[in-house]
Amino acid sequence: MMRAYDVLLKKRNGGKLTEAEIKFMVEGFVKGDIPDYQMAAFLMAIFFVHLDDEERFYLTKAMLESGDKVDLSMIDGIKIDKHSTGGVGDKTTLVFAPVIASFGLPIAKMSGRALGHTGGTVDKLESIPGFRTTLDMNEFIANVKKYGIAIVGQTANLAPADKKIYSLRDVTATVDEISLISSSIMSKKLAISSDLLLLDVKFGSGAFMKDYEDAKILAQSMVDIGKNFGRRVVAVLTSMEQPLGRKIGNSLEVIEAIETLKGKGPEDFTELCVHLSAYALSFAGFGDIEKCKELVREKIYSGEALKKFGDLIKAQKGDSRVLEAPEKILPVSGDTVELKSKISGYVEKIDAEKIGLATMILGAGRKTKEDKIDHGVGIELLKKIGDEVKDGEPFVRIYFSEKSDLDSAVKFVEEAYGFSTSKTSAPALIGELIY
Ligand code: URA
């Protein structure tokens, strides 16, 4: 009979685990036969010894098979899924999904919620009054067939083993290990039968992987897991060195996404949305990247992508007047404060993680999974890296509520910003494509 002790010992000593051993650990832990302390030791052994390609495949498979699979085969067309490894001000799905759907490619997307310094698409959508992010599977599929687009929260039973293991990783300092991160993300994404999975792997101050080379290794690991499952997966490395766009916080991000769908969004965020959409279209056979970028811009300027976003809102019972008057329909806090520069010069750095933490402290995010979200609070970056700023000029606007810990948030924002008297320039946004 297999024993958890022997599997632990083997991994601790640098051994390579078999599929049966990995399955035994994951299944046993989910059933409650393997206690937390043995799983914790197992995770720590993996943290130091790592898993090779085959072991990552087996771990992903065991976690994926612990729950439901979402079968999209009854939907015609090429189903494209996108996943970001997490960021600050990253409202890309709100633009990417309607853009892709406006080409007639079905979007059947399951998204996550905010946790820690990073935001979540589901919370952002829920800032639209009435918008339902919980649809049963029949309604989800029916909406995709009828409107070409549906975005919902992840079903409770998507890779439950990952959920249970992640909670343990969170308290045992075993989150930031590449084989564990890549298996965790892929166990959830591969449970959905998309034809193409586009991974937006972040690097920089607001990302899991601060370093570009580490992000590249993570991207390759996820792509390789996908390939071992016989799936098409590509990853794009993109910068989270500073927050994306200018608005962070749930309602504020929906406003910025609508502005972007109207062709009036911030330069960096627009560039990212156009790039990612173009990569997806190109893989779906719409031509080379440059041609696809042109096609994406046309869908934005013609208003078709915005119209698709309207279809999504209507289909999921949100207030679609939000497209015409987002500031009136969305709950945005009326209490604001601006931080003013003490020097004349240029913005040199904006630590994205610190801005994310400040936004969370204001109430826009969650410290723990149980925390409630305030959709109206957030931060607007009036100045980004490379922008000139005059002495006394505001560089940030904070939207707060009476429940916000404003003093702590201000402290984080002040720490996040760095200024220079010499000219600076914005960091490059798009890195390599990994496939
Ligand atoms: N996101 C996940 O889903 N899992 C990880 O391990 C890290 C980020």
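Residues numbered from 1 in each chain as written. Predicted model: local features only at pLDDT ≥ 70, side-chain atom pairs only at ≥ 80, totals over all residues. Heavy atoms only, no water.

Caption draft 1: Seen up close, the packing of aromatic side chains. Per the stated rule, a full pass over the model turns up 8 aromatic pairs. Between phenylalanine 395 and tyrosine 417, the ring centres sit 4.6 Å apart and the planes meet at 55 degrees, which makes this aromatic pair tilted. With a gap of 22 residues between them, phenylalanine 395 in strand β11 (residues 394–400) and tyrosine 417 in strand β12 (residues 417–420) connect regions that are remote in the sequence. The pair formed by phenylalanine 395 and tyrosine 417 is uniform in burial state, with each residue classed as buried. Chaining the aromatic ring pairs together yields one cluster made of Phe57, Tyr58 and Phe229. (Phe/Tyr/Trp six-rings, centres within 6.5 Å; stacked < 30°, edge-to-face > 60°. Helix = DSSP H or I, 4+ residues; strand = E, 2+ residues; numbered from the N terminus. Buried < 20%, exposed > 50% of the residue type's maximum accessible area, 1.4 Å probe, protein only.)

Caption draft 2: Structural detail: the side chain of aspartate 90. Looking at the element boundaries, aspartate 90 is found in the loop between β1 (80–84) and α5 (93–101). Aspartate 90 gets classed as buried once you look at its relative accessible area, which sits at 10%. At 2.8 Å, the side chain of aspartate 90 and the side chain of serine 84 are in polar contact. A distance of 2.5 Å separates the side chain of aspartate 90 from the side chain of threonine 92, its partner in a polar contact. Ignoring any residue separated from it by four or fewer positions in sequence, one finds aspartate 90 in contact with Ser84, Lys124, Asp200, Lys202, Met240, Leu244 and Glu253. (Polar contact = N/O pair within 3.5 Å; in protein donor to acceptor, adjacent residues only side chain to side chain. Contact = heavy atoms within 4.5 Å.)

Caption draft 3: Here's a closer look at the sheet that holds strand β9 (residues 378–381). A sheet is described by the order of its strands in space; here 4 strands give the open sequence β6-β9-β11-β7, paired in antiparallel fashion. The open sheet has two free edges, formed respectively by β6 (247–248) and β7 (335–340), since each of these has just one partner strand. Where β9 meets β11, 4 bridges bridge the pair, whose relative direction is antiparallel. Residue glutamate 380 lies in a different strand from β11, and its bridge partner there is arginine 397. (Pairing = 2+ DSSP bridges.)

Caption draft 4: A look at the site of the ligand. All residues in the neighbourhood of the ligand are listed as Tyr166, Arg169, Ile181, Ser184, Ile185, Lys188 and Phe208. In this structure, arginine 169 approaches the ligand through a side-chain N or O atom, which is 2.9 Å from an oxygen atom. Serine 184 places a polar side-chain atom, nitrogen or oxygen, 2.6 Å from a nitrogen atom of the ligand. For the shell around the ligand, the secondary-structure elements that each account for two or more residues are α8 (160–171) and α9 (178–189). Per-class residue counts for the shell around the ligand are 4 nonpolar, 1 polar and 2 charged. (Near = heavy atom within 4 Å. Nonpolar A, V, L, I, M, F, W, Y, C, P; charged D, E, K, R; others polar.)

Caption draft 5: Representation of the pairing of strand β8 (residues 345–350) in the model. Summarising the sheet, β8 and strand β10 (residues 388–389) pair through 2 bridges and their orientation is antiparallel. Within the sheet, the bridge partner assigned to glycine 345 lies in β10 and is valine 389. Pairing of β8 with β12, which is carried by 4 bridges, proceeds in the antiparallel orientation. If you follow lysine 349 over to β12, its bridge partner there is glycine 418.

Caption draft 6: Geometry of the packing of helix α12 (residues 267–283) against helix α13 (residues 289–301). Look at α12 against α13: their axes get within 8 Å of each other, and the N-to-C directions meet at 120 degrees. The crossing of α12 and α13 is right-handed. Listed contacts from α13 to Val274, His275, Ser277, Ala278, Tyr279, Leu281 and Ser282 of α12 are Ile289, Cys292, Lys293, Val296 and Arg297. (Axes fitted to C-alpha atoms, helices over the stretch in contact; angles between N-to-C directions. Left-handed = near helix turned anticlockwise from the far one by under 90°.)

Caption draft 7: Examining the environment of tyrosine 147 more closely. Mapped onto the elements of the fold, tyrosine 147 is located in helix α7 (residues 137–147). When its relative accessible area of 25% is taken as the criterion, tyrosine 147 is described as partly exposed. Put simply, tyrosine 147 and proline 106 are 41 residues apart on the chain and 8.6 Å apart in space, counted from C-alpha to C-alpha. Non-local contacts of tyrosine 147, meaning those with residues more than four positions away in its chain, are made with Lys308, Asp311 and Ala315.

Caption draft 8: Summary view of unusual backbone geometry. Not every positive phi belongs to a glycine, and histidine 50 is a case in point at roughly 70 degrees. Considering the arrangement of structural elements, one finds histidine 50 in the loop between α3 (36–49) and α4 (53–64). On the basis of relative accessibility, which here comes to 38%, the residue histidine 50 falls in the partly exposed class.

Caption draft 9: Highlighting the domain arrangement of the protein. Here the protein is described as being made up of domain 1 (4–49), domain 2 (80–323) and domain 3 (332–420). Once you take the C-alpha centre of each, domain 1 and domain 3 turn out to be 42 Å apart. (Domains from an automatic or database assignment.)

Caption draft 10: The arrangement of helix α17 (residues 406–416) in detail. Taken together, the buried positions of α17 are occupied by Ala409, Val410, Val413 and Ala416. Buried residues of α17, viewed axially, fall in a sector of 125 degrees; they line one side. Facing away from the buried surface of α17 by more than 90 degrees, the exposed residues are Asp407 and Lys411. Tucked inside the fold, the buried residues of α17 contact β7, β8, α16 (352–364), β9, β11 and β12. (Arc of directions from axis to C-beta.)

Caption draft 11: View of the state of the cysteines. All told, the structure shown has 0 disulfides when counted by the stated rule. Counting only cysteine sulfurs, cysteine 292 is the nearest neighbor of cysteine 273, a cysteine outside any disulfide, at a range of 16 Å. Overall, cysteine 273 belongs to the buried group, its relative accessible area being 2%. Residue cysteine 292 is classed as buried on the basis of its relative accessible area, which comes to 0%. (Disulfide = S-S within 2.5 Å.)

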